[in-house]
Amino acid sequence: METQPAPAIAPEKVPLEAKSPFEMRVHLGEGVPETDVRSALKTGDMGFLHSFTTGSAVDGPGIRLVAWTTACMFRCQYCHNPDTWTLSNGIPVTLDKAIDEVRKYSNGLKAMHGGFTLSGGEPLMQDRFAARLFKAVKEMGVHTAIETNGYFGDRMSDDELRNIDLVILDMKAFTHDQHKRVTGLPNADVLAFCNRLSELKRPMWLRYVLVPGLTDIPEEMEAVADFGVSLGVVERAEILPFHQMGKYKWERLGLNYQLDATEPPSREGVAKAVSIFREAGLVAD
């Protein structure tokens, strides 16, 4: 059974802006009645957010404002924010308040050739909130991006996807068995979403987390890279070295962390992974 620390601050007292997405935030949405939660998911009038962070240079082009949602269907072994798995850990935020938060930074984001990124958790578990927020941000003239695992991509209409300038797709694996090993779920819907983005000519980035002993499989990386090339819309691939920055969250949440003894990949290992993606024909780093 998961054991979570009691919240020290009431949700309305928790600032939306966080110094880091690695902050531990739990229980903040538990007071919202179940009927209101269902209504929020259906209409998008309210979302559940871990936090906003400003000044990100790694979540899309330029300098970005990032909103981190809660709730995720995957249980990735290397997840560094397992507190975002649960919807009720998020701060309940009205759509209007989220829009106002982006608007505060809109002029600066445009001046710095940056934009707004919605990440998670998995933002498409709150698809109505995401769709309405992206529409409002696009109307501000701000570049939009989503970081998603793609599993619920079919929840977004073609028109809604056109409000997203960039899809950063977290590719956990390519083969069915490896994807289930890493995340606990299959990936047919993920691949279908990628193919749909290709048909719609929507720009994509691919992200691949390199974990020694888990994802550093040359054949798997080659398959991911070749698939990315075949889509014709992938602008770059990012190889993210595994780290232990989220280990303390697993411990505090009472979760079984299987990568406790796993070291980050070596420079040589990262370089080899990058070369696999480059040799397939992708811009990679």
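Residues numbered from 1 in each chain as written. Predicted model: local features only at pLDDT ≥ 70, side-chain atom pairs only at ≥ 80, totals over all residues. Heavy atoms only, no water.

Novice: So what's going on with the overall build of the chain? Which residues, and what values?
Specialist: Per the secondary structure count, the chain includes 9 helices and 8 strands. For the chain, the C-alpha atoms occupy an extent of roughly 50 × 45 × 30 Å along the three principal directions. Across the 285 residues in the chain, those meeting the buried criterion constitute 54%. Sequence-distant contacts, at least 24 apart, represent 72% of the contacts inside the chain between residues at least 6 apart. (Helix = DSSP H or I, 4+ residues; strand = E, 2+ residues; numbered from the N terminus. Buried < 20%, exposed > 50% of the residue type's maximum accessible area, 1.4 Å probe, protein only. Contact = heavy atoms within 4.5 Å.)

Novice: Report on the pattern of salt bridges, specifying residues and quantitative values.
Specialist: Applying the stated rule across the entire model yields 19 salt bridges. The salt bridge partner of D45 is R132, with a shortest N-O separation of 2.6 Å. You can see D45 sitting in the loop between helix 1 (34-43) and strand 1 (46-56) and its partner R132 sitting in helix 3 (residues 127-139), a full 87 residues away along the chain. Overall, D45 belongs to the partly exposed group, its relative accessible area being 42%. Two residues, D285 and R236, come together in a salt bridge whose shortest N-O distance is 2.6 Å. Note that D285 is positioned in the segment after helix 9 (267-280) and R236 in strand 8 (residues 234-241), a separation of 49 residues in sequence. Accessibility expressed as a relative area gives 23% for R236, which makes it partly exposed. The network of salt bridges with common partners includes D59, E147, R207, R236, E238 and D285. (Salt bridge = Lys/Arg side-chain N within 4 Å of Asp/Glu carboxyl O.)

Novice: Hey, could you go over the sheet that holds strand 6 (residues 166-170) for me, with residue numbers and the actual values?
Specialist: The strands making up a sheet associate through hydrogen bonds between their backbones, and the pairing can be parallel or antiparallel. The 8 strands are arranged 3-1-2-4-5-6-7-8 in an open sheet whose pairing can be described as mixed. The outermost strands of the open sheet, each flanked by one partner alone, are strand 3 (91-94) and strand 8. Strand after strand, the sheet turns through a mean of 30 degrees between neighbouring axes, direction not considered. As paired elements, strand 2 (residues 64-69) and strand 4 (residues 115-119) share 5 bridges and run parallel to each other. When the bridges of strand 4 are listed, V66 appears paired with T117. (Pairing = 2+ DSSP bridges. Axes fitted to C-alpha atoms, helices over the stretch in contact; angles between N-to-C directions.)

Novice: Give me the confidence of the model for the chain: which residues, what numbers.
Specialist: In regions of low pLDDT, the predicted coordinates are not meant to be interpreted in detail. Residues with a pLDDT of 70 or more make up 96% of the chain, whose mean pLDDT is 94. Considering only residues more than four positions removed or in separate chains, one finds that residues 1-8, a stretch of pLDDT under 50, has 18 contacts. (pLDDT = per-residue confidence, 0-100.)

Novice: Please set out the packing of aromatic side chains residue by residue, giving values where relevant.
Specialist: Aromatic rings in a pair are described by how distant their centres are and how their planes are angled relative to each other. Counted according to the given criterion, the structure contains 7 aromatic pairs. Between F174 and F227, the ring centres sit 5.5 Å apart and the planes meet at 50 degrees, which makes this aromatic pair tilted. Note that F174 is positioned in the loop between strand 6 and helix 5 (176-183) and F227 in helix 7 (residues 218-231), a separation of 53 residues in sequence. Seen from their ring centres, W250 and Y257 are 5.0 Å apart, and the 40 degrees between their planes marks the pair as tilted. Side by side, W250 and Y257 carry an identical accessibility label, which is buried. A network of ring pairs unites the aromatic residues F74, Y151 and F152 as a single cluster. A cation over an aromatic ring shows up here: R155 above the ring of F152, its NZ or CZ 3.8 Å from the ring centre. Its end group placed over the ring of W205, R236 keeps NZ or CZ at 4.5 Å from the ring centre. (Phe/Tyr/Trp six-rings, centres within 6.5 Å; stacked < 30°, edge-to-face > 60°. Lys NZ or Arg CZ within 6 Å of the ring centre and 35° of its normal.)

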